[in-house]
Number of protein chains: 2
Amino acid sequence: MNLTLLTDFYELTMMQGYYKEYDTKQVVVFDFFYRSNPCGGAYSIFAGLEQVIDYINDFNFTAEDIQYLREQKIFEEDFLEFLSDFKFTGDIYSVPEGTVIFPNEPVMKIIAPIMEAQIIETAILNIVNHQSLIATKASRVKWAAEDDMVLEFGLRRAQGPDAGVYGARAAVIGGCSATSNVLAGKKFDIPVKGTHAHSWVMSFNDELTAFRKYANLYPDACILLVDTYDTLKTGVPNAIKVFNELKEKGIQPKLYGIRLDSGDLAYLSKKARKMLDEVGFEDAIISASSDLDEYLIQDLKSQGAKITLWGVGTNLITSKDCPAFGGVYKLTAVSNGNEFVPKIKVSENPAKITNPGNKKIYRVYDKATGIIKADLIALEEENIKETEPLLLFDPNATWKRTILEPNTFVLKELLVPIFKNGSCVYATPNIMEIQSYCQKELKTLWPETKRTKNPQEVFIDLTMNLYNLKQSMIERYKSEV
Amino acid sequence: MNLTLLTDFYELTMMQGYYKEYDTKQVVVFDFFYRSNPCGGAYSIFAGLEQVIDYINDFNFTAEDIQYLREQKIFEEDFLEFLSDFKFTGDIYSVPEGTVIFPNEPVMKIIAPIMEAQIIETAILNIVNHQSLIATKASRVKWAAEDDMVLEFGLRRAQGPDAGVYGARAAVIGGCSATSNVLAGKKFDIPVKGTHAHSWVMSFNDELTAFRKYANLYPDACILLVDTYDTLKTGVPNAIKVFNELKEKGIQPKLYGIRLDSGDLAYLSKKARKMLDEVGFEDAIISASSDLDEYLIQDLKSQGAKITLWGVGTNLITSKDCPAFGGVYKLTAVSNGNEFVPKIKVSENPAKITNPGNKKIYRVYDKATGIIKADLIALEEENIKETEPLLLFDPNATWKRTILEPNTFVLKELLVPIFKNGSCVYATPNIMEIQSYCQKELKTLWPETKRTKNPQEVFIDLTMNLYNLKQSMIERYKSEV
């Protein structure tokens, strides 16, 4: 599907307006940022960049697209002509996929002629909001599962095919080991997993026959679903019979065990563990997959549930308790030919006032521990040094301030160039490299920041220069009103 | 994108199992049904059938797909060979898109050789769950908006491109008048709408200039976004200035007005209405678009807000308070060559016990009012008549029973043939026809069933034959355990 028309109609009406009113070369700066973390967390995981790159590379109004727009009877022929060989020629900066991010930071920055920067807004928001949401959720689920593997099983409840496919990709970035989604597996080279459903059991005259047939076919990965009729009375005993039969035949499966898909998972897993252990199947795996999420997994672990493999579906693939990531895309500067004139959106709600100007982000790590101390949003021309004292202060409560001594902290600039003059200059890592980068990123957070309830927030500060610029612009607008 | 691999891996492992263990012609029946309505409602809207038809028609494992499966090292060559010219050859029955549906009814029924019926499970669930969810949500939002128009504005927060595009389609089925999503507009011939964003205003030196430029470009559809700086102090006054200027030029816009996108919408809309009315712009529209949903629209209306055009985004396109539709796909019968042998899934949770057998649904309308009295699930071979007394009873509380007198009710069979022997026999109506059918469907519900809080549920009953079959099968399984 060509995604060029994957845009809000107003992007096109505005674009025609810019075409009529502006120099088509007028360069502007837009920031992508978000205002609060999903699910009450204290961080998010950035994802979706690879698909943004594909979208920008493929950006192109086809003759059919132009004809469709013509039929809307609102666009003039010169503008439609202009669209027909319209390409993205600007610069895009972004944090890499898998990066831990925080609210109000410009984690993507687009510097481009105004029409180009405007028309790509909606698709960028759509792609990055979706994948960042699911990657963040997956990192929470994985955190709850500790060292256990988490499998993504949500395709049937995902919000359409793409939500399943790109959702699986994002879930793997966030920490899932594999997916049930074969198309995602093929497309992104993600491991795919799955055994059988209730329908397999029901299609035979009895459960034991169904298990036996399955074990004969797949002796190397023999996870039997034991809850079609009665988990403890028939399911587990029949599974044990079949594991014994494999043993008698001298077959030692690489991976075998049971899957629980309903009922009280804490109780059932403990009973099943006991039944399996008593007959010598201590290495049989107990997996579970019934409306799980990070909260339930944490709860089951605290009850001593004997589950070590978690199949997570609906609640992960839709991020059920918070199904939207609130990324926004805001104009922050307009070039006057020589320099960027900062722009601001003022709101009665202080949280909705934007940070003006062409900016960058420094991540400040504690030198001794490698843990993030704060992120610092600076103007592009600023140059912060590790060898000088660094003032950090809360922009909403400026009396909260800290000075970091020189050489006690490490700085990293987070934004890297993705497109320069319309050409992609970035090589996307493969999905497992992104997953492993994300796991490293998560280690730069205190455990207190990763917990699912009442986590400790990370400080996102402005440099004094940026803070002063913002205050003076708010004052100016208020006095004009 | 070829969606043939849009499936859970276990469908393929089971399929290979069926290939090895069964006659490949073994015919089975699967039902699609769901267990509870989203968002605490008392009905749902069925949607997604057109995309299911496309999926089945295009179903085909490419050589690349087969190669990918081969690399998983779990499938044997004879099975992969078999897949390479595998097609769907069975029958599919479904309720039409836009139909009002209720829990536990088989609103789709697949009768096909077991491998074919199994492999299409995941994609059908994915497509129908998503679109039914959004169509249902949209019908709730439209219900709250009463006679006002609702526009779908959610693309930027949708869960990926498809969620935006098919979500817009479903939103229109449920009652939205238009979408902001240009690709959805082009693909499904849905009206597209939109004006300008804050960035348009911010890109000019002042708000008045931005409004003036916009009005000059689009005098016929001039809705100005008034909250970039200060809604009542600058936004509305500047809009009024521009409307006056249009008037002075003798331009009478077809559609003009303002859009509120932040702040207290009840207060601001009343104040803005007064300001517009005082200078003779009684016909200026006040639209709003700030985190709206059915509950907020109802609340704003009860406060007397002066908004008559509602742009609904995130909460509609993700169905935020309930982002998954719990449709399931269950085996209900297996052919023995002569007849269908019913199958049941027993569960400790009574709500999770399936209805066995090859079935159909009768909708029972009150003859005088045209309102639904109940739905009746029957075995395929049963023949219920309007001219005979009809016993209705609650399958969970069998003492709750009613007998309808002959000729006081009208019966309609809900399932219609979609595929016969693998060929599509159904012509999908266009989207606006589906919307209009859905509006008629909603008129067959009591208002008490449509309200968003504590709605009255509709009775979903089983015929005595089906009830007795189900009870005897449960008893048999319990005695075997």
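What counts, and where the lines are drawn
Residues numbered from 1 in each chain as written. Chains lettered and ligands numbered in written order. Predicted model: local features only at pLDDT ≥ 70, side-chain atom pairs only at ≥ 80, totals over all residues. Heavy atoms only, no water. UniProt positions renumbered as here; feature names shortened; annotations may be inferred. Salt bridge = Lys/Arg side-chain N within 4 Å of Asp/Glu carboxyl O. Helix = DSSP H or I, 4+ residues; strand = E, 2+ residues; numbered from the N terminus. Buried < 20%, exposed > 50% of the residue type's maximum accessible area, 1.4 Å probe, protein only. Phe/Tyr/Trp six-rings, centres within 6.5 Å; stacked < 30°, edge-to-face > 60°. Lys NZ or Arg CZ within 6 Å of the ring centre and 35° of its normal. Expected span 1.5 Å × (residues − 1). Arc of directions from axis to C-beta. Polar contact = N/O pair within 3.5 Å; in protein donor to acceptor, adjacent residues only side chain to side chain. Domains from an automatic or database assignment. Least-squares fit on C-alpha atoms with pLDDT ≥ 70 in both. Contact = heavy atoms within 4.5 Å. 1 Å grid on protein atoms, 1.4 Å probe; cavity = no way out; pocket = protein on both sides within 12 Å on 5 of 7 lines; lining within 4 Å. Points joined across faces, edges and corners; volume = space filled by probe spheres on them. Nonpolar A, V, L, I, M, F, W, Y, C, P; charged D, E, K, R; others polar. Buried area = accessible area lost by both parts, 1.4 Å probe. Pairing = 2+ DSSP bridges. Axes fitted to C-alpha atoms, helices over the stretch in contact; angles between N-to-C directions. Parallel < 35°, antiparallel > 145°, perpendicular 65-115°, else oblique. Left-handed = near helix turned anticlockwise from the far one by under 90°.

As annotated in an unreviewed UniProt entry, chain A carries the name Nicotinate phosphoribosyltransferase and comes from Natranaerovirga hydrolytica. In its Function (unreviewed entry) section, UniProt records this for chain A: "Catalyzes the first step in the biosynthesis of NAD from nicotinic acid, the ATP-dependent synthesis of beta-nicotinate D-ribonucleotide from nicotinate and 5-phospho-D-ribose 1-phosphate." The Pathway (unreviewed entry) comment attached to chain A in UniProt states, word for word, "Cofactor biosynthesis; NAD(+) biosynthesis; nicotinate D-ribonucleotide from nicotinate: step 1/1."

A few words on the pattern of salt bridges. Taken as a whole and assessed by the stated rule, the structure comprises 50 salt bridges over all chains. Among the ionic pairs, Glu97(A) bridges to Arg169(A), the shortest N-O distance being 2.8 Å. Separated by 72 residues along the polypeptide, Glu97(A) in the loop between β3 (91–94) and β4 (100–101) and Arg169(A) in helix α7 (residues 161–174) bring together distant segments of the chain. Each of the two residues, Glu97(A) as well as Arg169(A), counts as buried. One salt bridge connects Glu245(B) with Arg212(B), and the closest N-O pair in it is separated by 2.8 Å. Of the two residues, Glu245(B) is situated in helix α11 (residues 231–248) and Arg212(B) in helix α10 (residues 207–217); the sequence distance between them amounts to 33 residues. What emerges from the salt-bridge pattern is a single network uniting Asp8(A), Glu11(A), Glu121(A) and Arg156(B).

Now for the packing of aromatic side chains. Within this structure, the stated rule accounts for 48 aromatic pairs over all chains. With centroids separated by 5.0 Å and ring planes inclined at 15°, the aromatic side chains of Tyr477(A) and Tyr229(B) adopt a geometry described as stacked. Note that Tyr477(A) is positioned in helix α17 (residues 464–480) and Tyr229(B) in the loop between β8 (221–225) and α11, a pairing that runs across two chains. Residue class for Tyr477(A) comes out buried when judged on its relative accessible area of 17%. In this structure Tyr229(B) comes out as buried when scored by relative accessible area, which is 10%. Three or more aromatic residues link up through ring pairs in this structure, and these residues are Phe9(A), Tyr19(A), Tyr55(A), Phe59(A), Phe61(A), Phe75(A), Phe79(A), Phe82(A) and Phe86(A). A cation sits over an aromatic face here: Arg169(A) above Phe188(A), 5.6 Å from the ring centre.

Turning next to the UniProt feature "domain: Nicotinate phosphoribosyltransferase N-terminal" (unreviewed entry) in chain A. Here, UniProt's "domain: Nicotinate phosphoribosyltransferase N-terminal" (unreviewed entry) annotation points to residues 5–129 of chain A. The distance from the first to the last C-alpha atom of residues 5–129 of chain A is 18 Å, and the span holds 43% helix and 18% strand.

The next subject is helix α15 (residues 431–442) of chain A. Residues and elements named next belong to chain A. For α15, built from twelve residues, the straight-helix expectation of 16 Å at 1.5 Å per residue is met to within 8% by its first-to-last C-alpha distance of 16 Å. When we look at burial in α15, the residues that qualify are Ile 431, Ile 434, Gln 435, Cys 438, Glu 441 and Leu 442. Buried residues in α15, looked at end-on, bunch into an arc of 120°, giving them a common side. Two or three places before Met 432, at the start of α15, stands the capping residue Asn 430, its side-chain oxygen 3.0 Å from that residue's backbone nitrogen.

Turning our eyes to something else, we now look at the domain arrangement of chain A. Domain annotation for chain A reports domain 1 (9–134 + 323–480) and domain 2 (195–290). A straight line from the C-alpha centre of domain 1 of chain A to that of domain 2 of chain A covers 49 Å.

With an axial shift of 0.0 Å and an RMSD of 0.0 Å, the rotation relating chain B to chain A amounts to 180°. The symmetry that links the two subunits is that of a two-fold axis. Residue Asp162(B), judged by its C-alpha, is the member of chain B lying nearest the rotation axis, at 2.7 Å. Most of the interface of chain B is mirrored in chain A: 100% of its interface residues are interface residues there too.

With that settled, consider empty space enclosed by the protein. Residue and element names in this part refer to chain B. Under the definition given, this model contains three cavities of 30 Å³ or more. What the largest cavity holds in volume is close to 40 Å³. Lining the largest cavity are Asp 31, Phe 33, Asn 104, Pro 106, Thr 332, Thr 354, Asn 355 and Lys 359. Considering only residue class, the lining of the largest cavity consists of two nonpolar, four polar and two charged.

Now for the interface of chain B and chain A. Listed as interface residues are 98 residues of chain B and, on the opposing side, 98 residues of chain A. When residues of chain B are sorted by the area they lose upon contact with chain A, Arg156(B), Gln159(B) and Met202(B) head the list and together hold 10% of the total. Counting the contacts that link chain B with chain A gives twelve salt bridges. Tallying contributions element by element places helix α1 (residues 9–21) of chain B first for the side of chain B that touches chain A, with eleven residues. Looking at side-chain class alone, the side of chain B that touches chain A contains 45 nonpolar, 29 polar and 24 charged residues.

So, about the pairing of strand β14 (residues 359–366) of chain A. Residues and elements named next belong to chain A. Across the eight residues of β14, eight count as buried, placing the element largely inside the fold. Taking every second residue as pointing to the same face, both faces of β14 are buried, with Lys 359, Ile 361, Arg 363 and Tyr 365 on one and Lys 360, Tyr 362, Val 364 and Asp 366 on the other. Two elements, β14 and strand β15 (residues 372–379), share seven bridges in a ladder whose sense is antiparallel. The residue of β15 that forms the bridge with Tyr 365 is Ile 372. As consecutive antiparallel partners, β14 and β15 are separated by five residues, and within that stretch Gly 370 has a phi angle of approximately 75°, a positive value. Inspection of the sheet shows β14 paired to strand β18 (residues 409–413) by five bridges, in the antiparallel sense.

Attention shifts here to the side chain of Asn358(A). Residues and elements named next belong to chain A. Looking at where Asn 358 falls in the secondary structure, it is placed in the loop between β13 (340–342) and β14. For Asn 358, a relative accessible area of 11% corresponds to the buried category. Among the polar contacts listed, one links the side chain of Asn 358 to the side chain of Lys 109, at a separation of 2.8 Å. Non-local contacts of Asn 358, meaning those with residues more than four positions away in its chain, are made with Val 29, Lys 109, Ile 111, Ala 333, Phe 340, Leu 379 and Glu 380.

This paragraph deals with the UniProt feature "domain: Nicotinate/nicotinamide phosphoribosyltransferase" (unreviewed entry) in chain A. Per the UniProt record, the feature "domain: Nicotinate/nicotinamide phosphoribosyltransferase" (unreviewed entry) sits at residues 151–339 of chain A. Regarding residues 151–339 of chain A, the helix share stands at 43% and the strand share at 17%, and the terminal C-alpha atoms are separated by 50 Å.

All right, on to the packing of helix α10 (residues 207–217) of chain A against helix α11 (residues 231–248) of chain A then. Residues and elements named next belong to chain A. One way to put it is that α10 packs onto α11 with a least axis distance of 9 Å and a crossing angle of 40°. When the axis of α10 is compared with that of α11, the two are oblique. Considering how the two elements wind past one another, α10 and α11 form a crossing that is right-handed. Contacts from Glu 207, Leu 208, Phe 211, Arg 212 and Ala 215 in α10 reach Thr 234, Gly 235, Asn 238, Ala 239, Lys 241, Val 242, Glu 245 and Leu 246 in α11.

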